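Breakdown of the fold
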Amino acid sequence: MTVFSRLGWVSWVLFMGLPTWAQSQTRELAACDETRTPFAQALPHAGAAVLNAQAYGVSAELFRWPGQPLDGQFRLLHSAQGGIQVAVGEQAQGFDSSFPLAASSRDLPAGFTWLGAGPTLQWAAPLDRTAQLEVLRGQTILVREDERGNVLAATRIQMAGALDALFADAAEPLSFGIVSRPDRTEGRVWAPTARTVEVCVYPGAQAAPSGRLAAAWDAASGSWHWRQPLDMQGQFVTYLVEVWVEGQGWVRQRVTDPYAVSLSANSRRTAVLDLSAPQTQPKGWNAPTRVREIQRLNEMVVYELHVRDFSRDDPTVRPAWRGKYNAFLEGHSYGMRHLRALAQVGVTDVHLLPVFDLATVPEQGCLEPKLPKAAPSSPLQQATVMAVAGQDCFNWGYDPFHFNAPEGSFATDPDDPAVRVREFRQMVQALHRAGLRVGMDMVYNHTTAAGQKERAVLDRIVPGYYQRLNAQGEVERSTCCDNTATEHRMMAKLMSDSLLLWSREYKLDSYRFDLMGHQPRAAMLAMRERLRRELGREILFIGEGWNFGEVANGARFVQASQLSLKGDGIGTFSDRGRDAARGGSFGSVKDLMGSKGWLNGLLDDPARRLEALRAADLLRLQLAGTLAEFRFVTHEGTAKRGAEIDYAGQPAGYADQPGEAVHYVENHDNHTLFDANVLKLPPAASLAERLFRQTLGSALVAWSQGTVYVHAGQELLRSKSLDRNSYDSGDAFNRLDYSLRDNGFGHGLPPEPDNGRDWAAIAPLLGNAALRPTPAQLRQAVAAFGDVMRIRSSSSLFSLPTAAEVQKRVRFHGSGPHQDPALIVAELDGTGWPGARFQGLLLVFNGASEARELSVPGAWRLHPVHASPNAADRRVAPTLRASRPGVLRVPPWSAVAFVRDGG
Ligand SMILES: [Ca+2]
Ligand SMILES: [Ca+2]
């Protein structure tokens, strides 16, 4: 890292002209110095009331106060220094100015029509913009008073709508963050309610502050801008932002830049870094990317991977690179050989769990606890892990700290801001060279902190704007954490700018959005359009389209959820086929053991035939893309559209086009499929049977019309030792062994916080050595998964582009009331279809514990992958040979593809 010698000149410029500049510098810089001043410093003020924020500023002129009667008089009270006192029945005191409000008959603007009933108010006399801006700074309280001027009710105001109305038109086109060029460095931060913004400058990651600059206010956009006529690369900055905080008064926040592209270790300081600087660029970075472009969701086969899991336990990666971005550079490691093999059989995209700056792993000196040698069902391993869970090197990372910077803990030097950028890019480069596109799991739905917590980067700069608030003005937390308000324009802009940056500067190809249903459909579509326009390539979006929390059922806006996204070309995870295959994923282990799927026990219980029939129909629907309009004959004996089939009170088929449903049977959440099957199958079920069932589960996903999604390790029977939620379970329970020696089962009781109540039920399972696969079985599982993928890759019939083609070319045999629920048979018609390679494909899924026979007209032969001498499932060809003439015989727990040739 270069520290520029011109730094001395900066200090000189800053402080020249002050009479005793040396002492002044010392005093002034104390506010910049982490060792001398806390991150938030309360400034002198007149004391402040603490009120809920029940009213809304919905535009520059309009207010709504839900729940209040209309009688009385309304006023807005303002004090620049605080000290307003309001008590019901008394006259308000301590304000500098007041602004009468009158009832308004105007409609609420779009985005606020969901607000509860109550008076809509507007300025009684027109207020010019300068006065409006003044009201936003300091203490502002809305009161309802009787005719004698006594207070009847008082509230603070949620100002997001007003801020958007006053500033967003001018702010949206601007670039935020810090830009450094040879002749200048400049920065811009959005802080419309701040009374001052200054910039602290530091010559190095650990160095004492060297300067403090004033930023200039831009009243049109609500932003603050600063500029220096030199290249400050290598230096660091923080902002000092003075904002009003209810209950505290004026607070001087020392805070990093929300648009930081890199930081010092643990995100203490924002780095000044030009992303086109040589030290950020690996060799060949500017050459055109040769990785395949994919235009349609259903051509994607996604492999979900955690950077640390990928190499932490790989002995073929040099120790200093294990768990790091750099591990992807070790071309001959177990891990990279495995990834290249996956690319060869048809995996298209690696999706990384969070790799933006996350808050929950120490970037320097994280702990790697030494596990005790203990029994497979011992509580000791987890006790060791959990004792240091907050300080160890592992977390899934769903704790966004800075959305636009790479996480530092995966870099070899987190204190050198160029290193994490360069190493991240090298990782992308290495994956691209392996034939894999790169995507990332974005978590714009919440931040790691809000309010006055140190890591609340957004909320400390514009209090109350970026987070979604409830009717009292408190932060909503339905996502687990402090929800963001992506319906507010500047939060939507931050998300959109962030995604553009990752796509442009890191060449990412696709994204998964965490809890996307908490974000507006309109924001997602606008963002995708912008990427198309500015990048000239298709960036594919998938996400969690669940419908819950304060935004459920469109309570505040049209969500980017399963049922609202129809036809928009954004994929959502489908729980329909997932639950049908593996059974329920929630509840106690006792509940889970009873909640079986088509794959793991429903078919073996004659008393549950109806459930099995329903599951088989949901899986047929999955094979047809989980399409709303796809018609087929269900177990009830009538032809139904997908949308007419019930899934827990919702339409089972919801996708408008194939690919909009993302099919999966395992992801990072909940038990792995292997572990779910340990809970749901009889303990006596052999490892061979488990392996066959796991492969069958993968085939149900991979051979369906839709986006295919696979969790890393699903192909090697990955176990988390029955951990149901391994987000902070350390390396021990997130083990991924590409040397194929150990699948992770029986590594001790899973961590107590999420699993303790189940320990008694699961201890005997973990102690059962017969449930641990051998290395040979793991190799066989990987080979079988490879065959499943090769079959998908063998024909374009698995990724038909439109719902109409799916209806035309996909049909089921043996469905209806007299069906065998254990047998799902799909025929794909390849007549005249480009890339079909075969005249037809017959996909047979046998969930039964016995071989099954079927007759389907046509000259079917085994798919070449099964017929190859290298076929992983050695049962298939001999079983078929044992068939009677005209009959196809398939082994128990198998997915078998047949093909038909000719005119
Ligand atoms: Ca971090
Ligand atoms: Ca941890």
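Thresholds applied
- All residue numbers here refer to positions counted from 1 along the written sequence of the relevant chain.
- Chain labels run from A onward and ligand labels from 1 onward, assigned in the order the entries are written.
- Per-residue local features of the predicted model are confined to residues with pLDDT of at least 70, and side-chain atom pairs are confined, for both listing and counting, to 80 or more; whole-chain, interface and lining totals are unaffected and use all residues.
- Helix numbering and strand numbering both begin at the N terminus, where a helix is a DSSP run of H or I of at least 4 residues and a strand a DSSP run of E of at least 2.
- A radius of gyration in this sense is built from C-alpha atoms; the matching globule rule multiplies 2.2 Å by the number of residues raised to 0.38.
- Partly exposed residues are those whose C-beta has more than 12 but fewer than 20 other C-beta atoms within 10 Å; 20 or more makes a residue buried and 12 or fewer makes it exposed, with C-beta atoms placed from the backbone.
- C-beta atoms are first placed from the backbone for all residues, and any pair lying within 7 Å is then listed as a contact.
- Residue ranges labeled as domains rest on an automatic or database domain assignment.
- Note on residue categories: nonpolar means Ala, Val, Leu, Ile, Met, Phe, Trp, Tyr, Cys or Pro, charged means Asp, Glu, Lys or Arg, and polar means any other residue, Gly included.
- UniProt positions are given in the numbering used here, feature names are shortened, and annotations may be inferred rather than shown by experiment.
- Whether two strands pair comes down to DSSP finding at least two bridges between them.
- Inter-axis angles, ranging from 0 to 180 degrees, are taken between N-to-C directions of lines fitted to C-alpha atoms, where helices are fitted over the stretch in contact.
- Note on angle classes: values under 35 degrees are labelled roughly parallel, values over 145 roughly antiparallel, values of 65 to 115 roughly perpendicular, and the remainder oblique.
- Left-handed describes a crossing whose near helix is turned anticlockwise from the far helix by less than a right angle; the clockwise case is right-handed.
- What the arc measures is the spread of directions leading from the helix axis to the C-beta atoms.

1. With respect to the overall build of the chain
The helix and strand tally for the chain stands at 23 helices and 40 strands. A compact globule built from 903 residues should have a C-alpha radius of gyration of about 29 Å, and the chain, at 30 Å, falls within 12% of that. Across its three principal directions, the C-alpha atoms of the chain cover 100 × 65 × 55 Å. Relative to its full complement of 903 residues, the chain shows a buried share of 55%. Contacts spanning at least 24 positions in sequence make up 73% of the contacts within the chain whose residues lie at least 6 apart.

2. Observations concerning the domain arrangement of the chain
According to the domain assignment, the chain consists of domain 1 (7-28 + 167-276), domain 2 (53-162) and domain 3 (809-900). Every contact between the two is made by seven residues of domain 1 and, on the other side, seven residues of domain 2. Classifying every residue of the side of domain 1 that touches domain 2 by side-chain character gives three nonpolar, two polar and two charged.

3. Looking at the UniProt feature "domain: Glycosyl hydrolase family 13 catalytic" (unreviewed entry) in the chain
Within this structure's numbering, the places UniProt gives as "domain: Glycosyl hydrolase family 13 catalytic" (unreviewed entry) are residues 392-772. With 32% helix and 12% strand, residues 392-772 has end C-alpha atoms that lie 27 Å from one another.

4. Examining the pairing of strand 2 (residues 53-57)
The buried fraction of strand 2 is high, at five of five residues. Strand direction decides the pairing type here: strand 2 and strand 8 (residues 151-158), joined by three bridges, are parallel. Bridge assignment links alanine 53 to a residue of strand 8, and that residue is arginine 156. Judged from the two bridges that link them, strand 2 and strand 3 (residues 62-64) form a sheet pairing that is antiparallel. In the sheet register, tyrosine 56 faces strand 3, and the bridge partner there is arginine 64. What sits between the antiparallel neighbours strand 2 and strand 3 is a turn of four residues.

5. Quick notes on unusual backbone geometry
Both trends apply: most residues other than glycine have a negative phi, and most peptide bonds are in trans. With a phi close to 115°, cysteine 480 is a non-glycine residue in the positive phi region. Looking at the element boundaries, cysteine 480 is found in the loop between helix 9 (457-461) and strand 24 (482-483). Using a count of 12 C-beta atoms within 10 Å as the deciding quantity, one classes cysteine 480 as exposed. The phi angle at serine 721 is positive, at roughly 55°, despite the residue not being glycine. In this structure, serine 721 sits in the loop between strand 33 (707-711) and helix 17 (730-733). On the neighbour-count criterion, serine 721 (29 C-beta atoms within 10 Å) is buried.

6. Let's talk about the sheet that holds strand 25 (residues 510-513)
Pairing within the closed barrel is parallel, and its eight strands lie in the order 18-19-22-25-26-27-32-33. With strand direction ignored, the average angle separating the axes of adjacent strands in the sheet is 30°. Here strand 32 (residues 661-663) runs beside strand 33; their pairing, made up of two bridges, is parallel. Note that in strand 33 the partner of histidine 663 across the bridge is valine 708.

7. Observations regarding the pairing of strand 7 (residues 139-145)
Here strand 7 lies mainly inside the structure; six of its seven residues are buried. With seven bridges joining them, strand 4 (residues 73-79) and strand 7 adopt antiparallel strand pairing. If you follow histidine 78 over to strand 7, its bridge partner there is threonine 140. Where strand 7 meets strand 8, four bridges bridge the pair, whose relative direction is antiparallel. Residue pairing for strand 8: glutamate 145 is matched across the bridge by valine 151. The turn linking strand 7 back onto strand 8 is made up of five residues, and glycine 149 within it adopts a positive phi angle of 90°.

8. As for the sheet that holds strand 13 (residues 216-218)
With antiparallel pairing, the four strands of this open sheet are ordered in space as 9-10-14-13. The sheet is open, and its two borders are formed by strand 9 (177-181) and strand 13, each paired with just one other strand. Put simply, the sheet's adjacent strands are angled 20° from each other on average, direction ignored. As defined by bridge partners, strand 9 adjoins strand 10 (residues 184-190) across five bridges and the pair is classed as antiparallel. Within the sheet, the bridge partner assigned to serine 180 lies in strand 10 and is threonine 185.

9. Re the packing of helix 15 (residues 673-680) against helix 16 (residues 687-702)
For the pair helix 15 and helix 16, the least separation of the axes is 10 Å and the interaxial angle reads 125°. Judged on the interaxial angle alone, helix 16 and helix 15 are oblique. Taken as a pair, helix 15 and helix 16 cross one another with a handedness that is right-handed. Side by side, helix 15 and helix 16 meet where Leu673, Phe674 and Asn677 of the first sit next to Arg690, Arg693, Gln694 and Gly697 of the second. Its residues assigned to classes, the contact of helix 15 with helix 16 shows two nonpolar, three polar and two charged.

10. Quick word on the environment of glutamate 34
Mapped onto the fold, glutamate 34 is located in the loop between helix 2 (21-29) and strand 1 (40-42). Judged by local crowding, glutamate 34 falls into the partly exposed class, with 16 C-beta atoms found within 10 Å.

11. Digging into helix 7 (residues 380-387)
Burial in helix 7 covers these residues: Gln381, Gln382 and Val385. Along the axis of helix 7, the buried positions cluster into a sector of 90°, meaning they face one direction only. The inward-facing, buried residues of helix 7 contact helix 17 and helix 18 (752-755).

12. A word on the packing of helix 12 (residues 575-582) against helix 14 (residues 609-623)
The interhelical angle for the contact between helix 12 and helix 14, taken along N-to-C directions, is 135°, at an axis separation of 8 Å. Taken together, the axes of helix 12 and helix 14 are oblique relative to one another. Between helix 12 and helix 14 lies a crossing of left-handed hand. Here Arg576, Gly577, Ala580 and Ala581 of helix 12 lie close against helix 14, whose contacting residues are Ala615, Leu618, Leu619, Leu621 and Gln622. Taken together, the residues of the contact of helix 12 with helix 14 sort by class into six nonpolar, two polar and one charged.

13. Observations regarding the environment of alanine 851
Here alanine 851 shows up in the loop between strand 36 (840-846) and strand 37 (852-854). The class for alanine 851 is partly exposed, based on 16 C-beta atoms found within 10 Å. Taking C-alpha positions, alanine 851 is 6.7 Å from arginine 889, a pair spaced 38 residues apart along the chain. Apart from the residues within four sequence positions on either side, alanine 851 is in contact with Thr879, Arg889, Val890, Pro891 and Pro892.

14. Description of the environment of glycine 625
Its place among the elements puts glycine 625 in the loop between helix 14 and strand 28 (631-633). Looking at glycine 625, the number of C-beta atoms within 10 Å reads 32, which means it is buried. Sequence separation between glycine 625 and glycine 659 is 34 residues; the distance between their C-alpha atoms is 6.8 Å. Look past the residues within four positions of glycine 625 in its chain and what remains in contact with it is Phe630, Ala655, Pro658, Ala661, Ser704, Gln705, Gly706 and Val806.

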